[in-house]
Each structure stands twice: as C-alpha cells, then as structure tokens.
Amino acid sequence: MKAHVFALCLSLSLCLGLPLPALAFASPFTDVQETSPYYDAILWAAETGVTNGTTASTFSPDAPCTRAQLAVFLWRAAGEPKPALAEQQFMDVTDPSAYYYGAVQWAAEKDMWGFGTFAPHAVCTRLDAVFFLWRAAGSPDMEGEFPFADVPFGDGDGHGQPLYRYADQAVLWAVENGVASGTTETTFSPDTPCTRGQIATFLYRAAQAETSAK
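Residues numbered from 1 in each chain as written. Predicted model: local features only at pLDDT ≥ 70, side-chain atom pairs only at ≥ 80, totals over all residues. Heavy atoms only, no water.

(A) Representation of the packing of aromatic side chains. If you walk through the whole model with that rule in mind, you get nine aromatic pairs. Between the aromatic rings of Phe148 and Phe188, the centroid separation amounts to 5.6 Å while the plane-to-plane angle is 55°, which identifies the pairing as tilted. Note that Phe148 is positioned in the loop between helix H4 (126-136) and helix H5 (167-176) and Phe188 in the loop between H5 and helix H6 (196-213), a separation of 40 residues in sequence. Taking relative accessible area as the criterion, Phe148 reaches 8% and is therefore assigned buried. Counting every residue linked through ring pairs, the aromatic cluster contains Phe90, Phe118 and Phe132. Just above the ring of Phe118 sits the side chain of Arg67; from NZ or CZ to the centre is 4.6 Å. (Phe/Tyr/Trp six-rings, centres within 6.5 Å; stacked < 30°, edge-to-face > 60°. Helix = DSSP H or I, 4+ residues; strand = E, 2+ residues; numbered from the N terminus. Buried < 20%, exposed > 50% of the residue type's maximum accessible area, 1.4 Å probe, protein only. Lys NZ or Arg CZ within 6 Å of the ring centre and 35° of its normal.)

Written out as structure tokens, the structure is:
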C-alpha cells in the first residue's frame, strides 16, 4: 500500500482518517529485526511508502537523518502534494531535479522553516523533527508548564542564536501526544541529532496520536 492510500493528509494539519494499518508482513530489511525499538515504526513507514530502505534489503536505522529526508518523509505522508509556491524559497535548494526539492518547497509553504537557507544535507535534530511535525499538525496551541530548561524559545536566548520562536509549543505538543519525550525530567536535548529509525518512530507515533484523537 502506498502513501496516497494511507496519506496523513498533512495539508494544514496532520490528520489520518483511517486507522493505522496492521503490520501484516515481515521485515524486508536485514538490519531491522523484531527486537529493534524501531521495528513497528519502520515497517509502517515502508508499507505506507513514507520512506524506503537505503537498499532493497537494508534500512540503516542508525544512520543520520538529514533535514531533506525529514521533509520528504512528511511530504510523502501528506500524499506528495504539489507545492503552491513556484519560486525557490531557499538559497541552497535551487535544483528542481533534486529528490527533495518539492518536499522542501512544501515545507516552506507550511512554515516549517523560513530562513534564507534550509541546510538540506545537515542532520536533523530532535527540535527540527518535533517542530516540523507540529507545523504539519496545524501548529496547535499548547498550554501548561514547560519543564525543559534547555529549549530556548520566544525572542531568543540572549546570545543572538537563531531559534524556533515557538519551540516550547512544538515540544509540549510532542510530549503530550507521546511523539517524543524528554531525555530527563528537565531536559529535551533539542540539538541531539536524529537517526532514520528515530524519525520513523516520531512519524509513526504522530500518526497514532491523530488516530487516537479521532
């Protein structure tokens, strides 16, 4: 079954009208066994067409996931919609033949990233992942005490560092919906790089959360 059948309908929100499919086939990847913490998520991602393996028989779950790959996974989950933005949005994403070009244009359209460069080949961080997912989910307003001291948000951290203005909202959404959790009770480790297996898991959990909310 392909992504358009199980599309998460990520236009302005990450919504899944159908229940998550039962995983009815064995892992096609020799490096993803049933004992893997990413097993269900990777099989779901492969079965729905959200992501492919790095080869016909391997997924490389511990390999770094780039920001371009993250955008592509989300875009595929949305059914690969054609971006409404015709002009290139980032100085470092200029080749329309690049596998991630349409996905990054779509990500810009959804306000997942709005700076001059996208850094498609940079490894995505935990904060990148939850922020992109939160934007895809419609940027819901979250309330409650923010427990993580290592996630600066708002106008900045006082050191001139570029930040996600609504990082607190994205992280709270991820934690409250079971998409991600803190690395301790008071830290989220926003700059920690993510692997392919971890990103597949975040996507899978986000789909589960939306299904449960229906």
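(B) Inspection of the packing of helix H2 (residues 67-77) against helix H3 (residues 101-109) at higher detail. Where H2 meets H3, the axes come as close as 8 Å, and the angle between the chain directions of the two elements is 80°. Taken together, H2 and H3 sit at an angle that is classed as roughly perpendicular. On the side of H2, the interface is formed by Ala71, Val72, Leu74 and Trp75, while H3 contributes Gly102, Ala103, Val104 and Trp106. (Axes fitted to C-alpha atoms, helices over the stretch in contact; angles between N-to-C directions. Parallel < 35°, antiparallel > 145°, perpendicular 65-115°, else oblique. Contact = heavy atoms within 4.5 Å.)

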